[in-house]
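Breakdown of the fold
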Amino acid sequence: MIIFKNIPDFKNHIRKLKNDNFRIGFVPTMGALHDGHISLIKKSILENDYSVVSIFINPTQFNDINDFKSYPNDISKDIELLDSISENIILFNPDADEIYSGKVFSDSYDFGDLDKYMEGEHRQGHFQGVATVVHKLFEIVTADNVYFGEKDFQQLRIIEDLVLKIGFKLKITRCETIRQNDGLALSSRNKKLDISSQNIATNLFKALSFAKKNFENLDLEKIHTNVEDLFENFPQISIEYFAIANEKDLKPIKKKKKNQKYRAFIAADISGVRLIDNIKLY
Ligand code: PAF
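Residues numbered from 1 in each chain as written. Predicted model: local features only at pLDDT ≥ 70, side-chain atom pairs only at ≥ 80, totals over all residues. Heavy atoms only, no water.

Quick word on the sheet that holds strand β1 (residues 2-4)
Pairing is parallel in the open sheet, where six strands are placed in the order β1-β4-β3-β2-β5-β6. Across the chains shown, the open sheet's two edge strands, defined by having one partner strand only, are β1 and β6 (171-175). Between one strand and the next, the sheet's axes are offset by a mean angle of 25 degrees, whatever the strand orientation. By the bridge criterion, four bridges tie strand β3 (residues 50-55) to strand β4 (residues 89-92) in an arrangement that is parallel. Bridging across to β4, serine 54 finds its partner in phenylalanine 92. Of the strands in this sheet, β1, β2 (24-29), β3 and β4 touch helix α1 (residues 7-19), which is tilted by about 155 degrees from β4. Relative to β6, helix α8 (residues 153-166) is tilted by about 170 degrees, and along the sheet it contacts β5 (145-149) and β6. (Pairing = 2+ DSSP bridges. Helix = DSSP H or I, 4+ residues; strand = E, 2+ residues; numbered from the N terminus. Axes fitted to C-alpha atoms, helices over the stretch in contact; angles between N-to-C directions. Contact = heavy atoms within 4.5 Å.)

Structure follows, in structure tokens:
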């Protein structure tokens with residue numbers, strides 16, 4: 001596997017591959033790779049000649065400096081893992097100076113309602129930071145195909161919107177959330193949970209599954225009350241939000257309408273670790 005830390009060398013390499021008509025897939029990550037990332041990378045490997053994986057913990061998307069400082073980081077383990085998957089992986093692992101040239105701040109984007117609710121409401125500036133770095137990475141990597149997990153569904157919708165706005169010529173593939181057998185969605189942040197907190201965290205998936213099972217037959221208020229009741233039993237879980245929103249505009253709803261695609265979204269703090277998850281309701 002080839003590893004690049006600086007933009008000019010990386011771009012040169014990609015330019016040569018593109019001149020030879022190779023298809024480039026791209027999986028942007030912040031490292032601490034788990035099976036969710038691996039499934040995206042394997043899909044990219046199947047559908048492209050070369051797959052770029054970026055590992056960059058983006059400072060501008062953290063609204064809490066302690067969260068940034070304690071974000072899991074094990075680059076040697078990640079490199080070992082990527083090395084074992086395929087020789088057609090190109091790792092792009094820049095530092096903040098390389099990406100931001102000393103000006104570590106977000107650009108400003110208008111995503112309408114897409115970044116107003118849920119994560120947008122609870123993590124001020126988060127999506128401006130995500131959009132800024134993804135915009136920069138897309139310009140550097142010039143991939144044909146990019147792969148994002150549905151676990152961060154609001155992020156995925158915002159990036160789809162960014163691609164339309166900027167007019168990037170690339171295809172985004174949505175990839176299903178990978179879960180443990182007990183339902184817990186894979187996340188780099190799970191590494192910060194001990195076993196008992198991981199067990200407790202499975203209640204997020206239980207709440208989402210309840211919403212999915214009962215979405216047709218219960219009214220929304222009842223679903224919300226039942227979910228609140230479920231968490232009464234777990235003082236270790238502090239729910240930030242539980243929302244049912246239209247998949248397209250990501251506006252939480254109060255009333256269901258026919259022929260719409262909805263998802264249930266949840267965010268919670270469990271023993272000091274913030275987790276999010278969502279499930280489609282159709
Ligand atoms: O989902 C992530 O890991 C990050 O938000 C991303 C897309 C790599 C941008 O930093």
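Some points on the pairing of β2
Within β2, six of the six residues are buried, which leaves it mostly tucked inside the rest of the structure. Burial along β2 is two-sided: Ile24, Phe26 and Pro28 facing one way and Gly25, Val27 and Thr29 facing the other are all buried. Bridge count between β2 and β3: six bridges; the pairing is parallel. When the bridges of β3 are listed, isoleucine 24 appears paired with tyrosine 50. Remark: the β2/helix α2 (residues 35-47)/β3 crossover connection has right-handed handedness. Direction of pairing for β2 relative to β5: parallel, over a ladder of two bridges. Residue pairing across strands places glycine 25 opposite asparagine 145, the latter belonging to β5. (Buried < 20%, exposed > 50% of the residue type's maximum accessible area, 1.4 Å probe, protein only. Right-handed = clockwise from strand over helix to strand, strands pointing away.)

Section: the site of the ligand
Around the ligand, the neighbouring residues are Pro28, Thr29, Met30, Asn58, Gln61, Val133, Phe148 and Gln155. Between the ligand and the protein, one listed contact pairs an oxygen atom with a side-chain N or O atom of glutamine 61 at 2.6 Å. Between an oxygen atom of the ligand and a side-chain N or O atom of glutamine 155, the distance comes to 2.7 Å. Protein contacts shield 89% of the accessible area of the ligand, which totals 290 Å² for the unbound molecule. (Near = heavy atom within 4 Å. Polar contact = N/O pair within 3.5 Å; in protein donor to acceptor, adjacent residues only side chain to side chain. Areas by Shrake-Rupley, 256 points an atom, 1.4 Å probe, with all protein chains shown as cover.)

Side note on the pattern of salt bridges
Using the criterion set out here, one finds 15 salt bridges in the structure. Put simply, glutamate 160 and arginine 174 hold a salt bridge, and the shortest N to O gap is 2.8 Å. With a gap of 14 residues between them, glutamate 160 in helix α8 and arginine 174 in strand β6 connect regions that are remote in the sequence. By relative accessible area, which is 17% here, glutamate 160 ends up buried. For lysine 165, the salt bridge is made with aspartate 161, and the minimal N-O distance between the two is 2.5 Å. With lysine 165 and aspartate 161 both in helix α8, this residue pair falls four residues apart, about one helical turn. Beyond isolated ion pairs, a larger network of salt bridges with shared partners links Glu150, Arg157, Glu160, Arg174, Glu247 and Arg263. (Salt bridge = Lys/Arg side-chain N within 4 Å of Asp/Glu carboxyl O.)

Comments concerning the pairing of β4
The side-chain alternation of β4 yields two buried faces, one formed by Ile89 and Leu91 and the other by Ile90 and Phe92. Two strands pair when backbone bridges link them, and β1 and β4 are joined in this way by three bridges, in the parallel orientation. Residue pairing across strands places phenylalanine 4 opposite phenylalanine 92, the latter belonging to β4.

Some thoughts on the nonpolar core
Note on soluble globular proteins: their nonpolar side chains tend to be buried together. By size, the foremost hydrophobic cluster in this structure holds 45 residues, and its most contacted members are Phe10, Val52, Phe92 and Phe138. Looking at which element gives the most residues to this core, the answer is helix α7 (residues 126-141), with nine residues. Listed in part, the 27 residues of the second largest apolar core include Leu193, Phe242, Ile253 and Tyr262. (Core = buried A, V, L, I, M, F, W, Y, C linked by side-chain atoms within 4.5 Å.)

Section: α2
Under the 1.5 Å per step criterion, the end-to-end length of α2 is 18 Å for 13 residues, consistent within 8% with the ideal 18 Å. For α2, the secondary structure elements touched by its buried residues are β2, β3, α4 (75-85), β4, β5 and β6. (Expected span 1.5 Å × (residues − 1).)

Some thoughts on the sheet that holds strand β8 (residues 262-270)
Taken in spatial order, the three strands line up as β7-β8-β9 in an open sheet, and their pairing is antiparallel. Looking at which strands have only one partner, the edges of the open sheet turn out to be β7 (237-246) and β9 (273-280). Each strand of the sheet is rotated relative to its neighbour by a mean of 15 degrees, with strand direction disregarded. Contacts between helix α9 (residues 195-214) and the sheet are confined to β7, β8 and β9, with β8 contributing the most and set at about 160 degrees to the helix. On the sheet, helix α10 (residues 220-232) packs against β7 and β8 and is oriented at approximately 160 degrees with respect to β7.

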